[in-house]
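# What the coordinates show
Spelled out from the first residue to the last, the chains are:
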Amino acid sequence: MFYYLSLFKDDISFLNIFNYITFRTGAAIFTSFFLTLLIGPAVVRKLRSYKIQQIERDYGPASHLSKSGTPTMGGILIFVSLVVSVLLWSRLDNGYIWLLLFTTISLGFAGVMDDYTKLVKKNPEGMKSSIKLAIQLFTAIVVVGYLAINPPNSQYATSLIIPYMSKMFINLSVFYFAFAMLVIVGTSNATNLTDGLDGLASGCMVFTAVTYGIFAYVAGNFNFADYLKIIYVPGAGEITVFMGALIGACMGFLWFNAYPAQVFMGDTSSLFLGGVIGTAALCVKQELLLPIAGGLFVLETLSVMLQMGYFKLTHGKRLFKMAPIHHHFELLGIPEPKVIVRFWIIGVVLMLISLASLKIR
């Protein structure tokens, strides 16, 4: 919204600052961060008064029993601050902004309903998995359908750029659309699995969002994209503003979610956070970078898949002490705060490795 003040720059030259993506991204970070800090205490109190609290079930680590009673559905903080900040600082005539907002709202609705079913309706299984998957698939179909009609770059509409290689592509043809849907659904569920320790998912999300914010900025600038040999995506720069709002919202939430957590995000935001990153990866044509930039989320998902497969193949034996893998390290005797910080360190390293692909081509 504030972008449109730049239209009056001929009358008031200072207003031209609202035209700059870098300025609006910084403003979006600060807005969502401080908005989260401002409304956080009231939201936590309200969730506690409604007794919307975490219930630790028998299959979690014994050390997590002390977390029972901690308010959850705190992801509403991320949702509200993100949406408000995006509406304030982004260009509202940009299709990618509305696509990311749609993903946020659609998957956010699925997360709220899942948490509501678990915590208010007292059904520990939550919303039926078939309904949750249906909402995720619906979201993916809409996103992929929009990108099929309005491809980020028509020359590479169904192609994947190979990171660290100079203009090397894989053309998936019609199979690209199935792949794109898998990206959205997969990243949504992967973030959900990672949300198991205080501050783990929100902290790791910051590093991934920084990565895609930078890639969106350079992809949206023809000169930068040409120099760095990545696919040019007109209008992608505005995704940087969205990523900035996401970074600020996650940082603000981390203020309350850091160990020991005052509130948990729940599925309310974990589902849409992953979906938004997956959508951003598709929009800036950096799909194959996602397993690197979001490597921790991939690791968590793989650990669950390997555990389940090994359990079935060996008739009851376990590959890890517990999955997702962050619980495995806890049961090895590593304190929860140390597991979290080590995962954050890995997240920073993966972010740097991802950004290195801009020059290693």
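Since we're looking at a predicted model, the values are computed, not measured. (Residues numbered from 1 in each chain as written. Predicted model: local features only at pLDDT ≥ 70, side-chain atom pairs only at ≥ 80, totals over all residues. Heavy atoms only, no water.)

## Some points on the overall build of the protein chain
The cut-off we apply is this: Only DSSP runs of H or I with at least four residues qualify as helices, and only runs of E with at least two residues qualify as strands; both kinds are numbered from the N terminus onward. Just to be clear, the radius of gyration here is over C-alpha atoms, and the globule rule we use is 2.2 Å times residues to the power 0.38. Between two residues, a contact is recorded if the distance between any of their heavy atoms is within 4.5 Å. What sets the accessible areas is the Shrake-Rupley method with a 1.4 Å probe; for residues, cover comes only from the shown protein chains. Asp and Glu are treated as the negative residues and Lys and Arg as the positive ones, with His and the ends of the chain left uncounted. To locate a charge, the coordinates of NZ of Lys, CZ of Arg, CG of Asp or CD of Glu are taken.
Counting its secondary structure elements, the protein chain contains 13 helices and two strands. Taken over the C-alpha trace, the protein chain has a radius of gyration of 20 Å; the compact-globule value for 361 residues is 21 Å, and the two agree within 12%. With the C-alpha coordinates of the protein chain rotated into their principal frame, the extents come out at 60 × 45 × 35 Å. The long-range share in the protein chain, meaning contacts at least 24 apart out of those at least 6 apart in sequence, stands at 74%. As displayed, the protein chain has an accessible area near 16,200 Å², and 69% of this comes from carbon and sulfur atoms. If you average the places of the 25 positive and of the 17 negative side-chain charges in the protein chain, the two averages end up 5 Å apart.

## Digging into unusual backbone geometry
Cis peptide bonds are those with omega within 30 degrees of zero, and the linkage from Tyr259 to Pro260 qualifies with -10°. Among the secondary structure elements, Pro260 is positioned in the loop between α8 (237-257) and α9 (267-283). Residue Pro324 is bonded to the preceding Ala323 through a cis peptide linkage, with omega at 0°. Relative to the elements of secondary structure, Pro324 occurs in the loop between α11 (295-313) and α12 (325-331). Positive phi, close to 55°, is recorded for Ser173, a residue that is not glycine. Turning to its location among the elements, Ser173 is positioned in the loop between β2 (169-171) and α5 (175-194).

## Section: the pattern of salt bridges
Formally: Definition used for salt bridges: Asp or Glu carboxyl oxygen within 4 Å of a side-chain nitrogen of Lys or Arg. The rule is simple: take the accessible area with a 1.4 Å probe, protein chains only, and divide by the maximum for that residue type; under 20% is buried, over 50% is exposed, in between is partly exposed.
Evaluated as defined, the whole model comprises seven salt bridges. Glu287 serves as the salt-bridge partner of Lys285, at 3.1 Å between the closest nitrogen and oxygen. An identical accessibility class is assigned to Lys285 and Glu287; each is buried. Put simply, Asp114, Lys118, Lys132 and Asp267 are held in one network by salt bridges that share partners.

## Some remarks on empty space enclosed by the protein
The following threshold applies: For cavity detection a 1 Å grid was placed over the protein atoms alone, and a set of points counts as a cavity when a 1.4 Å probe fits there but cannot get out; an open set counts as a pocket when protein lies on both sides within 12 Å along at least five of seven lines, with lining residues being those that have an atom within 4 Å of a point. Grid points are joined across faces, edges and corners, and a volume is the space filled by probe spheres set on the points. Just so you know the grouping, Ala, Val, Leu, Ile, Met, Phe, Trp, Tyr, Cys and Pro go in nonpolar, Asp, Glu, Lys and Arg go in charged, and all remaining residues, Gly too, go in polar.
As enumerated under the stated definition, the model contains two cavities of 30 Å³ or more in all. Taken as a whole, the largest cavity holds about 60 Å³ of empty space. Lining the largest cavity, in full, are Val144, Leu147, Ala148, Pro151, Pro152, Ala157, Tyr176, Phe177, Ala180, Leu282 and Lys285. At the level of elements, α4 (129-149) and α5 are the ones that each hand at least two residues to the lining of the largest cavity. Of the residues in the lining of the largest cavity, the class split is ten nonpolar, no polar and one charged. Considered as a void within the structure, the second largest cavity measures approximately 40 Å³ in volume. Looking at the second largest cavity, the residues that line it are Cys204, Phe207, Thr208, Ala293, Leu296, Phe297, Gly347 and Leu350. Secondary-structure elements contributing two or more residues to the lining of the second largest cavity are α6 (200-219), α11 and α13 (336-356). In terms of residues, the lining of the second largest cavity owes the most to one element, α6, which gives three residues. Among the residues making up the lining of the second largest cavity, the classes are represented as six nonpolar, two polar and no charged.

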